[in-house]
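A structural walkthrough
Here's the letter readout for the chains.
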Amino acid sequence: MKDTRIAAQGLVLLGCGKMGSAMLAGWLDRGLPADRVWVIDPKPSLWVHGTGVHINEPLPDAPAVVLVAVKPQMMGDALPSIAAFGGGETVFVSIAAGTPIAKFEEAFGVTTPIVRAMPNTPAAISQGITAICANAAGQGGLDEAADLLSAVGDVVYLDSEAQMDAVTGVSGSGPAYVFHMIETLAAGGVAQGLPAELAMQLAKATVAGAGALALQSQDDPTQLRINVTSPSGTTQAALEVLMDEKAGFPALLPRAVGAATQRSKELARG
């Protein structure tokens, strides 16, 4: 970890479920001393107990960062335990979906540095991507938050919080779209006579490999698609179905992203 403030003042992790545990593992792997982390969680896992972090113990007077990783519906019960840190130099980083910065400003005051982040589930294997933004008081804490969140994948900065709902629709919810694609791609193989186990193995490896190639190649996805598509070949036959303007991906995926984005806005309004 690059942050000497955290090493000096400590870090509080409010909620240590799957995402919180993934982040904690990343921090410890990158050299953050376990004794500089305080975890608040009603049912910490055996793994958390074995890390050497402080668990449900008295908190430091002025931690450098409080990372809020509880579910939105638990926010009301959880926030009072950290309310005393509001209005100071402690940076609050929230990964709670659908909870806008304004909710935290109501609880802690507008002078409190608040960073809102949207990670996604591949963070569990350090392959996630997290989008971040901050209130006026939290602009100075963005790099500190990015350093923390980079333990589980890439980090991107948003121009404004207004973009967070669309981020939710693309990368926050996006892994589920890909998992469903794997399901249906395998089902297509079964329909064409493949054994279910083999079809699933092929589908998983194909999606994972294509994703890795898209990340590593200097070509953009459009060119990569063209590279695979021989004129009048098998891939072109499939793409004529998938690229249909009315029934294929060009219509379907924007609708899906739009639905997720709209729901994110509804959740933010309460």
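Here, every reference points to the structure presented above.
Notes on the structure follow.

All right, on to the pairing of strand 7 (residues 128-134) then. Most of strand 7 sits out of view: six of its seven residues are buried. When strand 6 (residues 114-118) meets strand 7, the two strands line up antiparallel, connected through four bridges. By the bridge assignment for strand 7, Val115 is matched with Ala134. Where strand 7 lies against strand 8 (residues 153-157), five bridges are found, and the strand directions are parallel. Within strand 8, the position partnered with Thr130 by the bridge is Val155.

Glancing now at the packing of helix 8 (residues 174-191) against helix 9 (residues 196-216). To describe two helices that pack against each other, one gives the angle between their axes and the distance between the axes. Two elements in contact, helix 8 and helix 9, have axes whose closest approach is 8 Å; the angle formed by their N-to-C orientations is 140°. The orientation of helix 8 relative to helix 9 falls into the category oblique. Between helix 8 and helix 9 lies a crossing whose hand is right-handed. In this structure, helix 8 uses Val178, Ile182, Leu185, Ala186, Gly189 and Val190 to contact helix 9, whose residues at the interface are Ala196, Ala199, Met200, Ala203, Lys204 and Val207. For the contact of helix 8 with helix 9, the class distribution of residues is 10 nonpolar, one polar and one charged.

Take the packing of aromatic side chains next. Two numbers describe a pair of aromatic rings. These are the distance of the centres and the angle of the planes. The full count for this structure, using the stated rule, is two aromatic pairs. Between Phe92 and Phe108 the ring centres are 4.3 Å apart and the planes differ by 20°, which places this aromatic pair in the stacked class. Taken together, the residues Phe92 in strand 5 (residues 91-94) and Phe108 in helix 5 (residues 101-108) connect sequence positions 16 residues apart. A single burial state applies to Phe92 and to Phe108, both of which are buried. With centroids separated by 6.4 Å and ring planes inclined at 25°, the aromatic side chains of Phe104 and Phe108 adopt a geometry described as stacked. Here Phe108 and Phe104 lie together in helix 5, a separation of four residues that amounts to about one turn. On the accessibility criterion, Phe108 (8% relative accessible area) is buried. Clustering of aromatic rings is evident, with ring pairs tying together Phe92, Phe104 and Phe108.

Quick notes on the rules
Residues numbered from 1 in each chain as written. Predicted model: local features only at pLDDT ≥ 70, side-chain atom pairs only at ≥ 80, totals over all residues. Heavy atoms only, no water. Buried < 20%, exposed > 50% of the residue type's maximum accessible area, 1.4 Å probe, protein only. Helix = DSSP H or I, 4+ residues; strand = E, 2+ residues; numbered from the N terminus. Pairing = 2+ DSSP bridges. Axes fitted to C-alpha atoms, helices over the stretch in contact; angles between N-to-C directions. Parallel < 35°, antiparallel > 145°, perpendicular 65-115°, else oblique. Left-handed = near helix turned anticlockwise from the far one by under 90°. Contact = heavy atoms within 4.5 Å. Nonpolar A, V, L, I, M, F, W, Y, C, P; charged D, E, K, R; others polar. Phe/Tyr/Trp six-rings, centres within 6.5 Å; stacked < 30°, edge-to-face > 60°.

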